[in-house]
Amino acid sequence: MRTKVKDARQYGTLMGVVTAVNGGIAGIDAFAGGFLASTFGFRSIFWVIAVSGVIAVVLVNRFVPDSKPSQGVRMDWWGVLALAFTILFLQTAVNELGKGASSNGLLVLGLLIGAGASAAVFWKIEGAVRQPLATPALMKKRSTWAMLLTTTLTMTGVFATVNGVLMSLAQNPDVGFGLKADMASLLLLTPYALLGWAMGLSLAGWRPLWAT
């Protein structure tokens, strides 16, 4: 959209739509996830996501026009692969740590070592290719990490609190409220998804009435 949409107001509106949809499609995804978990089990959520992802790839390939920021630019697929492995190892390590006392310390250590090795490979690739995802010079700037870390820490804090601790407490029958997954998601996840939808379409997407 950045390269194709020239009108600033139209671009803002379209970005607001993208933001709103990414925030949860007005809470539909939160309620649907709870319904699937209560009716078919938590594994059904994975399969719905997998099938939806495949359908999305097919539809994008079929109907979305290709756009490039400039001619002659090639995708840094080796950098993407190294970065993907870095994130995969880190996320798996965090998931293992989430098991608490029953977590496998050696597995966590191995995953962290793998993440560090993948990150080092990513750094080397970005310094060697002609068209990198992010140059080492860019990654050395404090301003780059300030934005990324602020976003990452803010979002992980929100998701850990609401999607993790709060949802776990709401469904716990012993120390919590003993709610089913569908009711817990309806009461706790859908409201702030609706708020994200409204904010994305209003403040983020449309020019305020008082602006000149």
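Just above, that's the structure.
Residues numbered from 1 in each chain as written. Predicted model: local features only at pLDDT ≥ 70, side-chain atom pairs only at ≥ 80, totals over all residues. Heavy atoms only, no water.

Trainee: Even after reading the chapter, I still don't get the side chain of Thr86, so can you show me in this structure?
Mentor: For Thr86, the location among the structural elements is in helix H4 (residues 77–97). Accessibility expressed as a relative area gives 9% for Thr86, which makes it buried. A polar side-chain atom of Thr86 sits 2.9 Å from the main-chain carbonyl oxygen of Ala82. Apart from residues lying up to four places away in sequence, Thr86 is in contact with Ala115, Ser118 and Ala119. (Helix = DSSP H or I, 4+ residues; strand = E, 2+ residues; numbered from the N terminus. Buried < 20%, exposed > 50% of the residue type's maximum accessible area, 1.4 Å probe, protein only. Polar contact = N/O pair within 3.5 Å; in protein donor to acceptor, adjacent residues only side chain to side chain. Contact = heavy atoms within 4.5 Å.)

Trainee: Mind showing me how you'd approach the layout of surface pockets here?
Mentor: The method is simple in principle: a probe with the dimensions of a water molecule rolls over the atoms, and the space it marks as empty is what remains. Volume-wise, the second largest pocket comes out at about 300 Å³. Leu83, Phe122, Ala134, Met139 and Trp145 are, among the 14 residues lining the second largest pocket, the residues nearest its centre. Contributions of two or more residues to the lining of the second largest pocket are made by H4, helix H5 (105–128), helix H6 (136–139) and helix H7 (142–171). A total of four residues in the lining of the second largest pocket trace back to one element, the largest contributor, which is H4. Partitioning the lining of the second largest pocket into residue classes produces 12 nonpolar, two polar and no charged. (1 Å grid on protein atoms, 1.4 Å probe; cavity = no way out; pocket = protein on both sides within 12 Å on 5 of 7 lines; lining within 4 Å. Points joined across faces, edges and corners; volume = space filled by probe spheres on them. Nonpolar A, V, L, I, M, F, W, Y, C, P; charged D, E, K, R; others polar.)

Trainee: I would appreciate a short explanation of the packing of helix H2 (residues 28–40) against helix H3 (residues 43–63) in the present structure.
Mentor: Helix-helix packing is characterised by the crossing angle of the two axes and by the distance between the axes. Running from N to C, H2 and H3 cross one another at 130 degrees; their axes reach a closest spacing of 7 Å. When the axis of H2 is compared with that of H3, the two are oblique. Of the residues in H3, those touching H2 at Gly33, Leu36, Ala37 and Phe40 are Ser44, Ile45 and Val48. In the contact of H2 with H3, the residues fall into five nonpolar, two polar and no charged. (Axes fitted to C-alpha atoms, helices over the stretch in contact; angles between N-to-C directions. Parallel < 35°, antiparallel > 145°, perpendicular 65-115°, else oblique.)

Trainee: Teacher, can you tell me more about the packing of aromatic side chains here?
Mentor: Working definition: an aromatic ring pair is given by the centre-to-centre distance plus the angle between the planes. In the structure shown here, the tally under the stated rule is three aromatic pairs. Summarising the aromatic geometry, the rings of Phe46 and Trp47 are spaced 5.0 Å apart at their centres and angled 75 degrees between planes, so their arrangement reads as edge-to-face. When sorted by exposure, Phe46 lands in the same class as Trp47, which is exposed. (Phe/Tyr/Trp six-rings, centres within 6.5 Å; stacked < 30°, edge-to-face > 60°.)

Trainee: Would you take a moment to explain the pattern of salt bridges for this structure?
Mentor: Where charged atoms from two side chains of opposite charge approach closely, those side chains can pair. This model, assessed by the stated rule, comprises one salt bridge. Salt-bridge contacts for Glu96 lead to Lys99; the nearest nitrogen and oxygen are separated by 3.0 Å. (Salt bridge = Lys/Arg side-chain N within 4 Å of Asp/Glu carboxyl O.)

Trainee: Looking at this structure, I do not really get H4. What am I missing?
Mentor: Across its 21 residues, H4 extends 30 Å between first and last C-alpha, which sits within 8% of the 30 Å expected from 1.5 Å per residue. Contacts made by the buried residues of H4 are with H5. (Expected span 1.5 Å × (residues − 1).)

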